[in-house]
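Residue-level structural notes
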Amino acid sequence: MTSSIKVADTQYPIHELLRNRWSARSFSDQSISSYDMNRLLEAASWSFSANNMQPWRYVYAHRHSPRFDDIWNCLAGGNRPWAKNAAALVICLAQTNRNTEKPNVWASHDLGAANMNLILQALSMDIYAHVMGGFDAPKALALSQANPDEWEAVTMLALGYLDAPDQLEEPFRTRELSPRTRKSIVDFAWELS
Ligand SMILES: Cc1cc2nc3c(=O)[nH]c(=O)nc-3n(C[C@H](O)[C@H](O)[C@H](O)COP(=O)(O)O)c2cc1C
């Protein structure tokens, strides 16, 4: 199911996957199989990273698993109502310090790139993703059992197959039906002369 209102209205032609990606909130009952989850993680793993350090980690639970609520409980109030219907919730961690003396300043950059690989792979399989920064990071880090001297919980992801917007309460329904907007290229990029 696609939502034409969300398709990017671009100035220049771009790849279909990029035009069609958007941050969905209305998820159906359909589960993501373990095999398909591994396909998404495989896609993430093939992202680039500084020195190929692959400074990412994903800790997740499927909706009907007993641990789903533990992850859901990390979310901020504004994300909880709609994210409860996600087929899976994912905590995304970056290894910002490989050892305590050597910070990796590119870790969050590389995690974001890996997330995009995962998200575009997901969309190619009709699985929609929503990145969230609204969550309790220390709680998510503790739940992940990662070493807090090395790892940070940077974002969370809601993943799932799309459902109709009308199952959402407001203000989420309206957001699900609003067009996506962007700055013009001239507002964020220029050629040096
Ligand atoms: C780092 C990051 C944090 C975000 N946090 C939230 C969030 O907590 N809740 C939410 O509903 N959306 C969140 N978003 C989604 C953005 O609001 C969304 O990507 C933006 O509005 C553009 O919409 P689009 O992804 O549909 O193009 C976040 C996105 C990113 C990249």
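See the structure above.
Residues numbered from 1 in each chain as written. Predicted model: local features only at pLDDT ≥ 70, side-chain atom pairs only at ≥ 80, totals over all residues. Heavy atoms only, no water.

This brings us to the overall build of the protein. A count of helical and extended segments in the protein gives 7 helices and 6 strands. Scanning the protein from its N terminus toward the C terminus, one meets helices and strands in the order α-α-β-α-α-β-β-β-α-β-α-β-α. Its C-alpha radius of gyration of 17 Å places the protein within 12% of the 16 Å reference for a compact globule of 193 residues. The dimensions of the protein, computed from C-alpha atoms along their principal axes, are 55 × 50 × 30 Å. Taken across its 193 residues, the protein has 41% of its residues classed as buried. Surface accessibility of the protein: about 11,000 Å² in total, with carbon and sulfur atoms responsible for 52%. (Helix = DSSP H or I, 4+ residues; strand = E, 2+ residues; numbered from the N terminus. Rg over C-alpha atoms; globule rule 2.2 N^0.38 Å. Buried < 20%, exposed > 50% of the residue type's maximum accessible area, 1.4 Å probe, protein only. Areas by Shrake-Rupley, 256 points an atom, 1.4 Å probe, with all protein chains shown as cover.)

This brings us to the packing of helix α2 (residues 34-45) against helix α5 (residues 107-124). Where α2 meets α5, the axes come as close as 7 Å, and the angle between the chain directions of the two elements is 140°. Comparing their axes, α5 and α2 come out oblique. The interaxial crossing formed by α2 with α5 has right-handed handedness. Across the interface between the two elements, Arg 39, Leu 40, Leu 41, Ala 43 and Ala 44 of α2 pack against Ala 114, Asn 117, Leu 118, Gln 121 and Ala 122 of α5. (Axes fitted to C-alpha atoms, helices over the stretch in contact; angles between N-to-C directions. Parallel < 35°, antiparallel > 145°, perpendicular 65-115°, else oblique. Left-handed = near helix turned anticlockwise from the far one by under 90°. Contact = heavy atoms within 4.5 Å.)

Within strand β2 (residues 88-95), 8 of the 8 residues are buried, which leaves the element mostly enclosed by the surrounding structure. The alternating pattern of β2 places Ala 88, Val 90, Cys 92 and Ala 94 on one face and Leu 89, Ile 91, Leu 93 and Gln 95 on the opposite face, and all of these are buried. As judged from the 7 bridges shared by strand β1 (residues 56-62) and β2, these two strands associate in the antiparallel manner. Bridge pairing in β2 links Ala 61 to Leu 89. In this structure, β2 lies alongside strand β6 (residues 151-161), joined through 8 bridges in antiparallel fashion. Following the sheet pairing, Val 90 is matched in β6 by Leu 157. (Pairing = 2+ DSSP bridges.)

The next point concerns the nonpolar core. Within the largest apolar cluster, 28 residues are counted, with the highest numbers of intra-cluster contacts made by Trp 82, Leu 89, Met 132 and Met 156. Breaking this core down by element, the ones donating at least two residues are α3 (68-72), α4 (80-83), β2, β5 (127-132), α6 (137-144) and β6. Here this core takes 4 residues from β6, the largest share from any one element. Grouped together as the second largest cluster of nonpolar side chains are 23 residues, Ala 44, Ala 87, Ala 107 and Tyr 161 included. (Core = buried A, V, L, I, M, F, W, Y, C linked by side-chain atoms within 4.5 Å.)

Strand order in the open sheet formed by 4 strands is β1-β2-β6-β5, with antiparallel pairing between adjacent strands. Strands with a single pairing partner mark the edges of an open sheet, and in this sheet they are β1 and β5. Shown here is a sheet whose adjacent strand axes are inclined to one another by a mean of 25°, direction ignored. Strands in contact with α5 are β1, β2, β5 and β6; relative to β6, the strand with the most contacts, it is inclined by about 10°.

Taken together, the neighbourhood of the ligand is formed by 14 residues, with Ser 23, Asn 79, His 130, Gly 133 and Arg 182 sitting nearest. Contact distances for the ligand include 3.0 Å between a nitrogen atom and a backbone N or O atom of Val 131. Contacts to the ligand include Arg 182, whose side-chain N or O atom sits 2.7 Å from an oxygen atom. For the ligand, whose unbound accessible area comes to 620 Å², protein coverage reaches 58%. In the shell around the ligand, the residues fall into 4 nonpolar, 6 polar and 4 charged. (Near = heavy atom within 4 Å. Polar contact = N/O pair within 3.5 Å; in protein donor to acceptor, adjacent residues only side chain to side chain. Nonpolar A, V, L, I, M, F, W, Y, C, P; charged D, E, K, R; others polar.)

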